[in-house]
Amino acid sequence: MPYLPIDPKDLGRTYEAVIRVNSQSGKGGVAYVLKTDHGLDVPRGLQIEFSKCVQEIADRTGKELTSADIWSLFQDTYQRDGIRLVSYRLLPEPRAGERRIAATIAVDGVERRIEGVGNGPIAAFVAALSRECDIELEVLDYHEDAVGAGADAQAAAYVQIRGNGAGTLYGVGIDGDIVTASLKAVASAATRATRFGVAAK
């Protein structure tokens, strides 16, 4: 049976209102919703990873997911409590090209102070998590983009990590400051890695 084109206006709807994602939808549909409705231009690897989460929910419930459903699932997947960045300071190191981070993180609601050294903020934070928390992460890829425009624009950071030789996964951080967003993305990845049991030494 051929497809019949329908203008959503004929049904009193908008294009955005009729976007739905089901178990047969590909990563493109999920990426479109995140970009159009929430301003996130997520990297291809994260599109593939998150679309599997969406399809799993759609398969289990037998329902289509709305844009609001997808955003709620995205936040639950990548912004869940676990390891959370509370505050940090970047300090110079005697060795050229090295930075030290002194950070306060909350692990399941309990705050602790950690320190580490690396060739940049992300590397230093990863080193701090390894040294102080026994969380081993290897950063494989990093992306960033702006969410919105103007004075209120936010930065989104995406890190792909491998934990202890296991499979890869992504973390996402969003903040008004790109360095803070990057560190939040590492915390997000660490939360997911510990949850899936791939980050312990």
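Scoring rules and cut-offs
- Residues numbered from 1 in each chain as written.
- Predicted model: local features only at pLDDT ≥ 70, side-chain atom pairs only at ≥ 80, totals over all residues.
- Heavy atoms only, no water.
- Helix = DSSP H or I, 4+ residues; strand = E, 2+ residues; numbered from the N terminus.
- Buried < 20%, exposed > 50% of the residue type's maximum accessible area, 1.4 Å probe, protein only.
- Areas by Shrake-Rupley, 256 points an atom, 1.4 Å probe, with all protein chains shown as cover.
- Axes fitted to C-alpha atoms, helices over the stretch in contact; angles between N-to-C directions.
- Parallel < 35°, antiparallel > 145°, perpendicular 65-115°, else oblique.
- Left-handed = near helix turned anticlockwise from the far one by under 90°.
- Contact = heavy atoms within 4.5 Å.
- Core = buried A, V, L, I, M, F, W, Y, C linked by side-chain atoms within 4.5 Å.
- Pairing = 2+ DSSP bridges.

Participant: Outline the overall build of the chain, supporting the account with residue identities and numerical values.
Facilitator: Helix and strand content of the chain: 5 helices and 6 strands. Across the chain, helices and strands are ordered from the amino to the carboxyl terminus as α-α-α-β-β-β-α-β-β-β-α. Burial status across the chain gives 40% buried among its 201 residues. Total accessible area on the chain stands at roughly 11000 Å², and carbon and sulfur atoms take up 49% of it.

Participant: Go over the packing of helix α2 (residues 44-61) against helix α3 (residues 67-78), please, and point to the residues and values.
Facilitator: Contact geometry for α2 and α3: axes closest at 11 Å, N-to-C directions at 115 degrees. The angle between the axes of α2 and α3 places the two elements in the roughly perpendicular class. Considering only the axes of α2 and α3, their crossing is right-handed. Along the contact surface, α2 presents Leu46, Glu49, Phe50, Cys53, Val54 and Ile57, while α3 presents Ile70, Leu73, Phe74, Thr77 and Tyr78.

Participant: Can you break down the nonpolar core residue by residue, with the values?
Facilitator: Counting residues in hydrophobic clusters, the biggest one holds 28 residues, and the most contacted among them are Ile105, Ile114, Phe125, Leu129, Leu137 and Val186. Among the secondary structure elements, those contributing two or more residues to this core are β1 (83-92), β2 (99-107), α4 (121-133), β5 (154-162) and α5 (178-195). At 8 residues, α5 tops the list of elements feeding residues into this core.

Participant: Tell me what's going on with the sheet that holds strand β3 (residues 110-118), and back it up with residues and numbers.
Facilitator: With antiparallel pairing, the 3 strands of this open sheet are ordered in space as β1-β2-β3. A single partner strand is all that each edge strand has here, and the edge strands are β1 and β3. Neighbour to neighbour, the strand axes of the sheet diverge by 20 degrees on average, direction disregarded.

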